[in-house]
Amino acid sequence: MPPGSLFMEATQVKIEKRRVIIDLDRCIGCSSCRVACSRTHQMDLNLNQAIAEPVAAFPAHCRHCENPACAAACPKDAIVKGDDGIVRRFTFKCIGCLSCAVACPFGAIDISHLRNVIAKCDLCYQRLDEGLEPACVTTCVSGALSFEDPGDVIEGNLSGARSKAKPGLRRW
Amino acid sequence: MQDSFYLTETPRSEAAVFGRKSIPAIEFDPDVSRGLCARGNYCQELISHKDRVFRAKIGTSFFSANKVARELSEAMLSGSCKRVAILLDGSLTLEETEKALALADKLGTKLVAPLPAEDMAIAPFKNKFSFDAISKATTNVVVGDAFTLCPTIARLLHDARSLGRRNTMVAIDTVPGRTGWFAHPELIAPVGKVPMLLDAISSIISGGSIDELPLSELGVNAGDLSWAVDAIKSASGNGNIIFTPGWHFVDPFAVAAAAQRLAEIANIGFAAIPIATNSRGIYRLLAAAKCDIAGTYAAIRSGEIDALLAFDCDPTEALPGIEIPKIFGLTGQLHTTGYDIATHFIPSTYLFEKKGRILGTEEDIIKLDQNSVGLEISGAGAIIDSIFGGVIPVSPDLELMVAEPIEVGSGPVANSGIPKGDIIAFGHGNVLHHGDGRYTRRMDFPFLRAQLDLTAAELPKSLAEKLGLVEGDKIKITGYHGEAVLDVKIAEWLSDGTILVPMHNPVARGLFDWGKSPVLGPVAVKIKKA
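K.L.:
Give me the overall build of chain B: which residues, what numbers.
P.N.:
The helix and strand inventory of chain B stands at 19 helices and 20 strands. For chain B, the proportion of its 530 residues judged to be buried stands at 62%. For chain B, long-range pairs separated by at least 24 residues make up 71% of all intrachain contacts whose partners lie at least 6 apart in sequence. Accessible surface computed for chain B: about 18900 Å², of which carbon and sulfur atoms make up 52%.

K.L.:
Describe the nonpolar core, with residues and values.
P.N.:
For soluble globular proteins, the rule of thumb is that nonpolar side chains tend to be buried together. All names here are of chain B. If you look at the biggest cluster of nonpolar residues, it comprises 61 residues, and the most contacted ones within it are M76, I86, L87, L88, Y297 and F311. Ranked by the residues each element gives to this core, the list is headed by helix 4 (residues 94-107), at 6 residues. Counting 39 residues, the second-largest nonpolar core is a separate cluster that includes V170, I172, A263 and A272.

K.L.:
Lay out helix 1 (residues 32-40) of chain A with the relevant residues and their values.
P.N.:
All names here are of chain A. Of all the 9 residues making up helix 1, 7 are buried; the element is thus mostly covered by neighbouring parts of the structure. Every buried residue of helix 1 is listed here: S32, C33, R34, V35, A36, C37 and S38. In the segment just after helix 1, Q42 is the residue with positive phi, at about 50°.

K.L.:
Which residues make up helix 4 of chain B, and what are the values?
P.N.:
Residues and elements named next belong to chain B. Look at helix 4: 20 Å from first C-alpha to last across 14 residues, which is about the 20 Å you get at 1.5 Å a residue. Within helix 4, 11 of the 14 residues are buried, leaving the element largely enclosed by the surrounding structure. For helix 4, the full list of buried residues reads L94, E95, E96, T97, E98, K99, A100, L101, L103, A104 and L107. Within two residues after helix 4, G108 carries a phi angle of roughly 70°, on the positive side.

K.L.:
Which residues make up the packing of helix 4 of chain B against helix 16 (residues 380-388) of chain B, and what are the values?
P.N.:
All names here are of chain B. Closest axis-to-axis distance for the helix 4/helix 16 pair is 9 Å, and the angle between their directions is 20°. One element, helix 4, and the other, helix 16, form an angle in the roughly parallel class. Here the hand of the crossing between helix 4 and helix 16 comes out left-handed. Packed against helix 4, whose contacting residues are E96, K99, A100, A102, L103 and K106, the element helix 16 presents A380, G381, I384, D385, I387 and F388 at the interface. Grouping the constituent residues of the contact of helix 4 with helix 16 by class yields 7 nonpolar, 1 polar and 4 charged.

K.L.:
Mind laying out the pattern of salt bridges, listing which residues take part and the relevant values?
P.N.:
All names here are of chain B. Tallying each qualifying case throughout the model produces 17 salt bridges over all chains. We note a salt bridge from K126 to E404, for which the minimum N-O separation is 2.6 Å. Placement of the pair is K126 in the loop between strand 4 (112-115) and helix 5 (131-136) and E404 in the loop between helix 17 (398-401) and strand 15 (423-428), with a sequence separation of 278 residues. Among the charged side chains, a network of salt bridges with common partners joins E95, R357 and E399.

K.L.:
Now, about the sheet that holds strand 4 of chain B: what can you tell me, with residues and values included?
P.N.:
Residues and elements named next belong to chain B. Taken in spatial order, the 7 strands make up an open sheet running 2-1-12-11-10-3-4, and their pairing is mixed. Since the sheet does not close on itself, it has two edges, and those belong to strand 2 (61-63) and strand 4, each with one partner. Direction aside, neighbouring strands of the sheet carry axes that sit 20° apart on average. Against the sheet, helix 3 (residues 65-77) contacts strand 1 (56-58), strand 2, strand 3 (84-89), strand 10 (307-311), strand 11 (327-332) and strand 12 (344-347), and its axis sits at roughly 140° relative to strand 12. Packed onto the sheet, helix 13 (residues 293-302) meets strand 3, strand 4 and strand 10 and runs at close to 85° relative to strand 4.

K.L.:
If you had to explain the sheet that holds strand 8 (residues 239-243) of chain B to someone new, which residues and values would you point to?
P.N.:
Residues and elements named next belong to chain B. Across the sheet, 5 strands lie side by side as 7-6-5-8-9; this open sheet has parallel pairing. The outermost strands of the open sheet, each flanked by one partner alone, are strand 7 (186-188) and strand 9 (269-272). Adjacent strand axes in the sheet meet at a mean angle of 15° when their direction is disregarded. Seen against the sheet, helix 7 (residues 153-162) touches strand 5 (139-143), strand 6 (169-173) and strand 8 and runs at an angle of roughly 145° to strand 5. On the sheet, helix 8 (residues 194-205) packs against strand 5, strand 6, strand 7 and strand 8 and is oriented at approximately 145° with respect to strand 6.

K.L.:
Provide a residue-level description of the packing of helix 8 of chain B against helix 10 (residues 222-234) of chain B, including the pertinent values.
P.N.:
Residue and element names in this part refer to chain B. Running from amino to carboxyl end, helix 8 crosses helix 10 at an angle of 65°, the nearest separation of the two axes being 10 Å. The way helix 8 lies across helix 10 gives a crossing that is right-handed. Here L197, I201, I204 and I205 of helix 8 come into contact with helix 10, specifically with L225, V229, I232 and K233. Among the residues forming the contact of helix 8 with helix 10, the class breakdown is 7 nonpolar, no polar and 1 charged.

K.L.:
Give me the lowdown on the confidence of the model for chain B, citing residues and values where you can.
P.N.:
Residue and element names in this part refer to chain B. In the predicted model, chain B carries a mean pLDDT of 80, and the fraction of residues at 70 or more is 78%. A low-confidence stretch, residues 409-416 (pLDDT under 50), is modelled with 18 contacts involving residues beyond four sequence positions or located in other chains. Low pLDDT, under 50, characterises residues 431-442; the stretch is placed with 56 contacts to residues that sit more than four places away or in other chains.

The rules behind these values
- Residues numbered from 1 in each chain as written.
- Chains lettered and ligands numbered in written order.
- Predicted model: local features only at pLDDT ≥ 70, side-chain atom pairs only at ≥ 80, totals over all residues.
- Heavy atoms only, no water.
- Helix = DSSP H or I, 4+ residues; strand = E, 2+ residues; numbered from the N terminus.
- Buried < 20%, exposed > 50% of the residue type's maximum accessible area, 1.4 Å probe, protein only.
- Contact = heavy atoms within 4.5 Å.
- Areas by Shrake-Rupley, 256 points an atom, 1.4 Å probe, with all protein chains shown as cover.
- Core = buried A, V, L, I, M, F, W, Y, C linked by side-chain atoms within 4.5 Å.
- Expected span 1.5 Å × (residues − 1).
- Axes fitted to C-alpha atoms, helices over the stretch in contact; angles between N-to-C directions.
- Parallel < 35°, antiparallel > 145°, perpendicular 65-115°, else oblique.
- Left-handed = near helix turned anticlockwise from the far one by under 90°.
- Nonpolar A, V, L, I, M, F, W, Y, C, P; charged D, E, K, R; others polar.
- Salt bridge = Lys/Arg side-chain N within 4 Å of Asp/Glu carboxyl O.
- Pairing = 2+ DSSP bridges.
- pLDDT = per-residue confidence, 0-100.

Shown next, in the form of structure tokens:
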């Protein structure tokens, strides 16, 4: 049985190409996205914070990789990439060994436990089913987060990000 | 700055020039799935918060709201209650403010003031701008750390920066801040010199020469200054200067006045943006009624009052350290610190559950027509009526009464100067505001709560070396108003002679003059190893 059919019929699958994109030239580190994440997931915080000392703090979203290293590293198959492209964590299977956190090349999985399991972004798939965007995107006050197909972003939606930032990085 | 925003599903790339419409809306229906406040808070969270209070009480005993209001009224009108002070939250409507003024008249007091006190710094100024204009401006000049004090505006400023992929923001502050990070150039002036720097820019735009300016005194170099001047000049007719008061300025009134002068000379818009939605409208009504705003803070601070009424604001959290009088009437929505201390408590509604009018940041009157959903409680206006003992009529001319600010010269409260030779301590804001965060952002998220444990003062490397301090050491910081022992954290970017302390940390906030100031300005301190 392919992993994806654990939770949906193959005929119903719609591949979700969009991802949460962060424009670092807009993120002001206000943590609104993390509050939204926590609120949407019944106070579980699935959105890790990346800190570039001493420069800035910004959300580190799961990329829902093509070939997720976290899923490959998981000894209990608790992380599965569904047919829709979303990489999900199954709480009942997770033993909290943190192998996925070590394997993730983007630091998107926090090394601290969340009720003895790992915390992982699920792209707010319930909201997607309702035609909404992930909660972190809708609450972003500075417009730093968008929910787009990464292919479109490369076409030129972002504003140039840090390449135009000044030297002498400083910010709290 | 949460007035009148609209919901949009427009993708950001297309929304970049839509100004206020690109900001997520405040929504009022608790059943909708997207009830996001423009500030990043959750109005839904507040509406249905587990700590929301619905029952009125006297001491620890519950009674009906009407009975508590009657008892409160009788207690205040008794002969033993001679001096009453009233505090109004910046989220009250104009109608509720006028009712509070009528109540103050009945109680024979002019001690009425708004909270948060920081908003006082910009209340006397009249705005001349629009949110749409900010997002489309050629250049926006931001004085103060707008992204920290008013995150909502970040989107508009970013929109302007994104237009044509140019940077279009100049930041002016006394310490590097979150806003300055995104600005080119960022002008950091010495403490107390920001008005002088703004006037210097005005003089250059008026035809003066940079060479004639005391640049070393202003703390800026000629290159950055001329860059800023060129950017502002090029924005004539399509630029803005945005001032957010805060804890970085010795005299924010002077800063706001200088910013307003620059706006006139450079022909750009002027926006002084408060923290609370209707602070400016409330201030104008209080000023027109000749209330002693500064005297109110002073009287509360010194404990010279017999009764304190706080409508929808909690002074025990906003003005920590005050003496609580024998009668302390409080209205509010959440179980804040004051709830436990209040002699009389009556539950009330949030701004987004009210009907009434507020003065918008664009100097427009915004009509609220929200009905609180399924609530059995009243807003502050009805509660004031109950305390007053009858329905207080509201003037039909309210809109005219708040149309113009009352001139107050350099400001109603004198600011203390910073003595030469001392180290200057700035308050360092964080996402939790006012005390333990219950006042404005009462959320039980562990990662936010963890910030309460901020116990480190940030020192520039030069100062740490001079005092022989390394990270992790403890220092005793002593100021005029109090002292605090904090850990040392080295911040290489800080200017010599300045330190940053976590202003909202319960230990560190004693360093600041909460009672006197409407303006939490920097303070002079001395440091030694603890």
